[in-house]
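What follows is the residue order along each chain.
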Amino acid sequence: MTKCHRFGLFLFCLILMGSILTGQIPNVYAGNQSPYSLIFVDELGDKYETLIRNEFYRVYPKLVATFNPNAPKIVKVKVDNSDPNKGGFYKFNEPDTIYLNMSKSLPDNKVPISQEMDQLNFRVFDHELAHLVQAYSPSTPIWIIEGMADYAMILLGDGMTDVSVPIHPEPKATFSSEIEKKKYKEAARFLIWAKNYKRSTIIEEINKYARQETVFKNFDQLWEEYFKHPVAIEKNPQCYAAGEKNCPDLTNGKGGSYSPLTKEPDGNNNAIVTKTTYLLKKPDVSDSITEVKAASAVQAICKTSGSPFLGDDSKIYHTWSYIKVGKMKGYIPAKYLTTKGFIPSCPKPSITPNTEIRHLVRSDSALYKKADQNSDILAYINKGTEVDIICVKPSKQDANGKQDNWYYVQVDKKKGYLSAESIKIIKGESYPGCKKNPVIPSELMKEEGKQGGGR
Ligand SMILES: [Zn+2]
């Protein structure tokens, strides 16, 4: 414990911290062996649970690695619709739980989670996860708690929060009175500014001391300075949040705030493809546009913030790079691209429904009840029939060491297993592994919903 504990001195008190926060976003991917799990205490329905779970496995490991390695391994989600002013919240006395408001609509542009899990919904979810990871002392000023949660969301979420400069000063306002009202993204913006232009370790320091009984004060002068030179953080919030030097202007010099849903960033020319792969139309299983050879120099336009297969329960998420090769643009797996410098997040929502699957059966084949040729035959499928692949199930090796994959597919209204040999697969595709109860992709779920199905 040092005197730096008292934040009043923070500008003058240099602390050497063996911090886990390096300014670099750690490359943490949750796979099947993820040490984290998410429990839905209240049932939300398959669709929301899948979307929320995918977001959890995308963001939570990075939050933990960045802010608090001692954060809970098991996170619970509960539903509480009682407060119309909150899309989600966190309680200090339940440090492993986040609450989501699933009511149909909330007043005044508040964000309920129930609509379609759009980007705002995911931001609320990420923000609440950040609180859980913070585990800050309840005595920590609200603006620090909320500002740091929004900071985490900007850094590790989709990075697309509007962080334009708040209005200042209000008449006779002090730092405390203003920050009380501007405690979310405005506070995050202030912290990002301070990190970049005043004190590069401010986030680490706050993150460390907010978990203890700490007095944070003497921000008044800094707040005034901030409004004199607020810097155009809104042109690339995620990059500034990471403390990168020379953040590219994602508005392409057009001014205003980066509005990622409508503008495509300029991109970064220092990208090399590391493995020959296919350029795909969508960040998902989709038609390939062309082959991209290993060692090709390409332009990296952006990367998706994780594109889980809808309906994929396998906890694997795929990040894709959107690149320009010659005059063609498309997606390749992010792991096949090395880049120098910052690559912005892609403007499109990270999750796109899987609508372009066209898999044809190669020869007349049987649709089996189980991934086993001795199981019941549900139907015979003619050569050339189109099927939707739900997941892949590797079979056990037989006595000769031979192993065949099976695909769990849907043909018309029937679902069953087809031998992998029976299906023409588009090159470069991969599929989620089948779990005990395969989850149906959203397109199919919608169909079922129409018939009053819904599980
Ligand atoms: Zn909050």
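Residues numbered from 1 in each chain as written. Predicted model: local features only at pLDDT ≥ 70, side-chain atom pairs only at ≥ 80, totals over all residues.

**Student:** Before we move on, can you summarise the nonpolar core with the specific residues and values?
**Tutor:** If you look at the biggest cluster of nonpolar residues, it comprises 74 residues, and the most contacted ones within it are Leu 63, Leu 129, Tyr 151, Ala 152 and Leu 191. When residues of this core are assigned to their parent elements, the largest contribution, 11 residues, is made by helix 3 (residues 142-156). Of the domains in this structure, domain 1 (3-241) and domain 2 (268-339) are the two that each give at least three residues to this core. Each residue touching Leu 129, except ones within four places of it in the same chain, is listed here: Val 59, Tyr 60, Leu 63 and Ile 98. Core analysis: the second largest hydrophobic core is formed by 17 residues, Ile 381, Ile 390, Cys 391 and Leu 418 among them. (Core = buried A, V, L, I, M, F, W, Y, C linked by C-beta atoms within 7 Å. Buried ≥ 20, exposed ≤ 12 C-beta atoms within 10 Å, placed from the backbone. Helix = DSSP H or I, 4+ residues; strand = E, 2+ residues; numbered from the N terminus. Domains from an automatic or database assignment. Contact = placed C-beta atoms within 7 Å.)

**Student:** Explain the environment of Thr 201 to me, and be specific about the residues and the numbers.
**Tutor:** Relative to the elements of secondary structure, Thr 201 occurs in the loop between helix 5 (185-197) and helix 6 (202-209). The partly exposed category is assigned to Thr 201, around which 19 C-beta atoms lie within 10 Å. Taking C-alpha positions, Thr 201 is 9.6 Å from Gly 243, a pair spaced 42 residues apart along the chain.

**Student:** Describe helix 1 (residues 46-67), listing the residues and the values that go with them.
**Tutor:** Taking 1.5 Å of rise per residue, 22 residues should cover 32 Å, and helix 1 covers 30 Å from first to last C-alpha, within 8% of that figure. Largest kink in helix 1: about 30°, centred on Val 59, with the proline Pro 61 one to four residues after it. Burial of helix 1 is extensive: 17 of the 22 residues sit out of reach of the surface. (Expected span 1.5 Å × (residues − 1). Bend = angle between axes of the 7 residues up to and from the residue.)

**Student:** Account for the pairing of strand 15 (residues 386-394), with residues named and values stated.
**Tutor:** Sheet topology places strand 12 (residues 359-360) next to strand 15; 2 bridges connect them, and they run antiparallel. Directly across from His 359, in strand 15, lies its bridge partner Val 387. Here strand 15 runs beside strand 16 (residues 405-411); their pairing, made up of 6 bridges, is antiparallel. By the bridge assignment for strand 16, Ile 389 is matched with Val 409. (Pairing = 2+ DSSP bridges.)

**Student:** I'd like a rundown of the sheet that holds strand 3 (residues 88-90), residues and numbers included.
**Tutor:** Taken in spatial order, the 4 strands line up as 1-2-4-3 in an open sheet, and their pairing is mixed. Looking along the sheet, the strands with just one partner apiece sit at the ends: strand 1 (37-40) and strand 3. The sheet shows a mean angle of 25° between the axes of neighbouring strands, taken without regard to direction. Against the sheet, helix 2 (residues 119-134) engages strand 2 (74-79), strand 3 and strand 4 (97-100), with an angle of about 0° to strand 3. (Axes fitted to C-alpha atoms, helices over the stretch in contact; angles between N-to-C directions.)

**Student:** Kindly report on helix 2, identifying the contributing residues and their values.
**Tutor:** Between the first and last C-alpha of helix 2 there are 22 Å, a value that for 16 residues agrees with the 22 Å anticipated at 1.5 Å per step. Counted residue by residue, helix 2 has 14 buried out of 16 residues, so it is predominantly covered. Trailing helix 2 by a residue or two, Ala 135 shows a phi angle of about 50°, which is positive.

**Student:** Residues and numbers for the packing of helix 2 against helix 3, please.
**Tutor:** Two elements in contact, helix 2 and helix 3, have axes separated by 8 Å at closest approach and are oriented at 120°. Here helix 3 runs oblique to helix 2, going by the angle between their axes. In terms of crossing hand, the pair formed by helix 2 and helix 3 is right-handed. Only Ile 145, Met 148, Ala 149, Asp 150, Ala 152 and Met 153 of helix 3 make contact with helix 2, whose side of the interface consists of Arg 123, Asp 126, His 127, Ala 130, His 131 and Gln 134. (Parallel < 35°, antiparallel > 145°, perpendicular 65-115°, else oblique. Left-handed = near helix turned anticlockwise from the far one by under 90°.)

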